[in-house]
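Architecture and fold: a report
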Amino acid sequence: MSAVTPDADGASRTSGIGVGSAPRPRRLTTGLVLAGVSAAAFSLSGVFASGLLDTGWSPGAMVLVRVAIAALVVLPLGIVSLHGDWRPVRRNLGLITVYGAVSVAGCQFAYFSAVQHMPVGPALLIEYTSPAAVVLWFWLRHGQRPTRATIAGTLLAAVGLVLVLDLVSGVPGATSVSPVGVAWALLAMLGVSTYFVINANVDTGLPPFALAAGGLTTATLALGLLGATGIMPLTYSAASPVYAGTEVPWWLPVVGLGIVTAGLAYVTGIAAGRLLGPRLSSFVGLFEVVAAIGFAWLLLGELPRFVQLVGGVLILAGVIAVQTGEKRTRVPAKPTKPGDPDRPHATRRR
């Protein structure tokens, strides 16, 4: 874990992953906007996918095309962002591979495998326990004990997620949830958690575009291998999908999946993680579920239930509570030699 070092103005900060001062107002605002854009972009994937699934596309084919298009779009931007210096890429080849294989390809493959054995609602609920997993990871691994506000925010967000997914009114087939489905959903949750943790790592020297490009390219290769071996079925159709009662060319939602729900979503998500840190950005990411309900209403005519609106409010309250807790999270300080003028106390508040 990185050390606490003083800023020029005397405020403490940290240079490592997950251990940093609470975002300053401008950084916080920018980070929240980027995280919101990322969540909204990710949320559109379900709406776009719904129309394509109705025409005969398999989930695996949509994921592969989505990630491949995003890689083609983001890769040139990632190369330009390096300014000819490829050392960060060489130093972080392992991290990029993990990001692409686990956080991008593995997460999506695990989720689609989960919903083959269990209803979508419970699968999403398990997957989106990732913010709690991130909080627990930094407590156990880095000694960053969550405050009461963070714990309260976690509970509020969890209740809100249950309501947004409308699990309280009963889920058809919920009693048929299998251990295999739960195991796949837990793997998807680990993939999402890894995504938020790696996004916030400012010590890699990788620009957001470069990390996104490397991860998406690696994911394309991994998903292509799964498709080529038959592990992940690949079927597609040129039939026109229907959105809000209007037929559109099949390629339009496909391009949207690649550019908006993958390229834009991953780049802004990484940038948000650098500004907000892994814990707060993971909680803001829960708005993906809320935004998905809104887009389903606008594009598919699926009117949200009142209980889902209440759930969205609780998720917002949970994010606000977590942000309050982030300002008070204690970070163990780096031991220093006696007489060091910058010698910190045993702990400093973020």
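For the structure given in this document, a descriptive report is provided here. Since the structure is predicted, the reported quantities are computational estimates derived from the model, not experimental observations.

Thresholds, definitions, all that
- Residues numbered from 1 in each chain as written.
- Predicted model: local features only at pLDDT ≥ 70, side-chain atom pairs only at ≥ 80, totals over all residues.
- Heavy atoms only, no water.
- Helix = DSSP H or I, 4+ residues; strand = E, 2+ residues; numbered from the N terminus.
- Contact = heavy atoms within 4.5 Å.
- Patch = residues over 30% accessible without salt bridge, like charges linked within 9 Å, V, L, I, M, F, W, Y side chains within 5 Å.
- Areas by Shrake-Rupley, 256 points an atom, 1.4 Å probe, with all protein chains shown as cover.
- Salt bridge = Lys/Arg side-chain N within 4 Å of Asp/Glu carboxyl O.
- Buried < 20%, exposed > 50% of the residue type's maximum accessible area, 1.4 Å probe, protein only.
- Polar contact = N/O pair within 3.5 Å; in protein donor to acceptor, adjacent residues only side chain to side chain.
- Core = buried A, V, L, I, M, F, W, Y, C linked by side-chain atoms within 4.5 Å.
- Phe/Tyr/Trp six-rings, centres within 6.5 Å; stacked < 30°, edge-to-face > 60°.

Structurally, G153 can be placed in helix α7 (residues 148–164). When near neighbours in sequence (up to four residues on either side) are disregarded, G153 contacts F283, G318, A321 and V322.

The subject of this paragraph is a nonpolar patch on the surface. A cluster of nonpolar side chains, namely L72, V73, W250, W251, L252, V255 and I259, defines an oily patch on the protein surface of about 640 Å² accessible area. Those elements that provide at least two residues to the nonpolar patch are α2 (59–81) and α10 (251–276). When residues in the nonpolar patch are grouped by element, the largest group, 4 residues, is from α10. The residue V73 is located in helix α2 in this model. Classification of V73 by relative accessible area gives partly exposed; the value is 37%.

This brings us to the side chain of T55. Mapping T55 onto the fold places it in the loop between α1 (25–54) and α2. Polar side-chain contacts of T55 include one of 2.7 Å to the backbone oxygen of L52. Residues within four places of T55 in sequence aside, it is in contact with S237, A239, S240 and P241.

To continue, consider the nonpolar core. V67, Y99, V104, L211, L216, L223 and Y266 are the most contacted members of the largest nonpolar core, which has 37 residues in total. Secondary-structure elements contributing two or more residues to this core are α1, α2, α4 (93–114), α6 (130–142), α8 (179–199), α9 (208–228) and α10. Considering every element that reaches this core, the biggest residue donor is α9, with 7 residues. Excluding residues within four positions of it along the chain, L216 makes contact with V67, A70, A71, V74, V104 and Y266. Counting 27 residues, the second largest nonpolar core, distinct from the first, contains A114, Y128, V135 and A272.

Across all of its chains, the model carries 8 aromatic pairs by this definition. An angle of 85° between the planes, with centres 6.1 Å apart, marks the rings of F42 and Y195 as edge-to-face. Taken together, the positions of F42 in helix α1 and Y195 in helix α8 put the pair 153 residues apart, joining distant regions of the chain. Y195 sits in the buried class, given a relative accessible area of 7%. Both rings, one in F42 and one in Y266, keep their centres 5.0 Å apart while their planes meet at 90°; by these two values the pair is edge-to-face. On the criterion of sequence distance, the pair formed by F42 in helix α1 and Y266 in helix α10 is long-range, its members being 224 residues apart. Taking relative accessible area as the criterion, F42 reaches 11% and is therefore assigned buried. Taken together through their ring pairs, the aromatic side chains of F42, Y99, Y195, F196 and Y266 make up a single cluster.

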